[in-house]
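# Observations on the three-dimensional arrangement
Chain by chain, the residues:
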Amino acid sequence: MVLFPPQRGNGTFAQWYKGSRSPRASADYHPTESVLTPPRPTMTTVKARDYYPITGRNSTGGTFDRIPVEELKADHPYQWTLFVLGFAWIKGTPIPFPGVVQPPLKTSLSLMEIGGIHGRPYREWAGDRRTHDEALADFSGVDKKDTNPSPSRFGGYCNHAAITFPSWHRPYVMLIEQAIGDYAENVAQQIENSNPGEVGLWVSASKQLRFPYWDWADPRVEKEGLPSLFYDNDLTVTATGHKTVTVPNPLSFFNFPYIPEDFKDTTRNGVTAHFSVWPKTYRHAADSATPVGSNIADLQTTLKQQAEDLRTKVGMLFSFPDGGDSSIIYDQFSNTRNESRQENDNTTVGSLEGVHNSIHGAIGGNGHMGNPDYAGFDPFFYCKWAFPGSVLLLIPIVIQSITPTSTGSFRCGNGATPATG
Ligand SMILES: N[C@@H](Cc1ccc(O)cc1)C(=O)O
């Protein structure tokens with residue numbers, strides 16, 4: 001399965017591919033680091049060890065729940081510290097911590113590269129394991145799906161408006177989850193090594209760390225909107241000796257280390273997003289090359305207004321009639337451009353992608369989250385995505401004719417399960 005066809009633009013695929021393959025891509029070639037590379041049984045790069053049953057992060061020795069981000073912050077102080085440190089590290093702006101030597105950050109695991117997988121820049125991910133020949137083998141010069149796809153393909157790797165929409169984004173979140181988790185284990189070990197009195201506190205927390213989710217279908221969203229941990233300037237974390245310290249919040253925005261050439265200003269509904277010059281990610285920004293910052297008041301008003309509708313739409317995903325054809329239901333459940341609509345189709349339950357689009361718009365406005373080409377750079381993207389990723393694990397409830405087989409760990413926060421809306 002080809003999960004992420006590259007953009008060909010006006011040139012041939014071969015031109016695109018040669019032009020886009022940056023030297024650092026091969027220098028940064030790490031055969032075991034990617035969870036995104038699709039199965040290619042005939043390719044020599046495929047190794048049995050690259051595949052493993054997914055029950056959370058690899059090699060933690062257990063299966064642990066993803067938990068709501070608010071709960072991670074309130075009740076799991078060591079995991080919270082490690083998550084915050086890990087997110088800052090992946091952004092290329094590590095937070096110093098006594099006794100910790102920051103592990104090197106591979107280019108391919110930086111937020112600049114991971115964020116760029118989703119949309120722009122339209123070029124190969126630095127961690128893509130395919131050789132030049134393997135990538136070319138994906139392309140057929142005589143196949144319309146490659147030369148003239150209709151509708152035309154999205155330019156990044158991500159899959160939208162297709163049945164692969166949910167299953168593409170789940171491993172995408174796992175990539176950042178695994179990277180931050182590996183970092184957390186490394187740092188936790190260093191902390192315990194230099195603080196023998198804290199042995200047992202950090203390493204076990206690091207093993208249990210999963211990427212937290214934000215449940216945007218929780219009834220609290222109507223009143224409280226977006227939790228401030230996503231936009232506060234600073235966050236409080238627990239340091240050694242049970243002390244708390246204040247650190248810059250890595251979840252509120254991302255400073256671009258450089259602006260890729262193909263970042264373009266985009267005007268929608270008369271409002272321009274100045275992506276070609278904005279040095280950092282914004283949410284609901286002013287139509288200006290130099291906005292003062294994200295307009296959180298606007299964001300909150302929009303989100304609170306839409307919250308009930310969002311929650312209803314998530315609940316509706318679980319109201320497909322029993323006994324239907326599971327392939328048709330999955331098609332309708334998963335994405336906005338389902339192909340299997342029937343002539344007399346009275347189904348109005350919406351789709352996971354549809355409701356997910358609404359949350360992108362509500363949070364991003366004209367900012368990066370509101371546009372698939374740039375959304376992956378906003379740190380919020382991944383906590384937001386960990387939620388529909390988890391809704392996906394409830395698919396056996398949606399399609400009742402399938403026996404539940406999910407071994408993935410999932411838990412909803414605060415009793416507000418998506419199943420009950
Ligand atoms: N393009 C979608 C919103 C969206 C934004 C970013 C994404 O990654 C995905 C979807 C819409 O207009 O509804």
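Residues numbered from 1 in each chain as written. Predicted model: local features only at pLDDT ≥ 70, side-chain atom pairs only at ≥ 80, totals over all residues. Heavy atoms only, no water.

As recorded in an unreviewed UniProt entry, the chain goes by tyrosinase and comes from Paxillus rubicundulus Ve08.2h10. The annotation that UniProt attaches to the chain under Sequence similarities (unreviewed entry) is "Belongs to the tyrosinase family." (UniProt positions renumbered as here; feature names shortened; annotations may be inferred.)

Before going further, it helps to spend a moment on unusual backbone geometry. Note: most peptide bonds trans; most residues except glycine with negative phi. Residue P121 is reached from R120 by a cis peptide bond, and omega for that bond is -5°. Within the secondary structure layout, P121 lies in the loop between α5 (111-118) and α6 (132-137). You will see that H242, though not glycine, has its phi angle at about 60°, which is positive. Mapped onto the fold, H242 is located in the loop between β1 (234-238) and β2 (244-248). Phi angles above zero are rare outside glycine, and H284 is one such case at about 50°. Residue placement: H284 occurs in the loop between β4 (271-273) and α11 (296-316). H284 gets classed as buried once you look at its relative accessible area, which sits at 10%. (Helix = DSSP H or I, 4+ residues; strand = E, 2+ residues; numbered from the N terminus. Buried < 20%, exposed > 50% of the residue type's maximum accessible area, 1.4 Å probe, protein only.)

Another point: the pattern of salt bridges. Going through the model one piece at a time under the given rule, you end up with 12 salt bridges. Salt-bridge contacts for R120 lead to D262; the nearest nitrogen and oxygen are separated by 3.9 Å. Separated by 142 residues along the polypeptide, R120 in the loop between α5 and α6 and D262 in the loop between β2 and β3 (266-268) bring together distant segments of the chain. Classification of R120 as buried rests on a relative accessible area of 10%. One salt bridge connects K313 with D309, and the closest N-O pair in it is separated by 3.0 Å. Here K313 pairs with D309, and both are found in helix α11, just four residues apart, close to one helical turn. Its relative accessible area of 40% is what places D309 among the partly exposed residues. (Salt bridge = Lys/Arg side-chain N within 4 Å of Asp/Glu carboxyl O.)

This next bit is on the site of the ligand. Every residue near the ligand is listed here: H118, H160, H356, N357, H360, M369, G370, N371, P372 and A375. H360 places a polar side-chain atom, nitrogen or oxygen, 3.4 Å from an oxygen atom of the ligand. Computed on the free molecule, the ligand has an accessible area of 340 Å², of which 77% lies beneath the protein chains in the complex. Sorting elements by how many residues they give to the shell around the ligand places helix α13 (residues 352-364) first, with three residues. Residue composition of the shell around the ligand, grouped by class: three nonpolar, seven polar and no charged. (Near = heavy atom within 4 Å. Polar contact = N/O pair within 3.5 Å; in protein donor to acceptor, adjacent residues only side chain to side chain. Areas by Shrake-Rupley, 256 points an atom, 1.4 Å probe, with all protein chains shown as cover. Nonpolar A, V, L, I, M, F, W, Y, C, P; charged D, E, K, R; others polar.)

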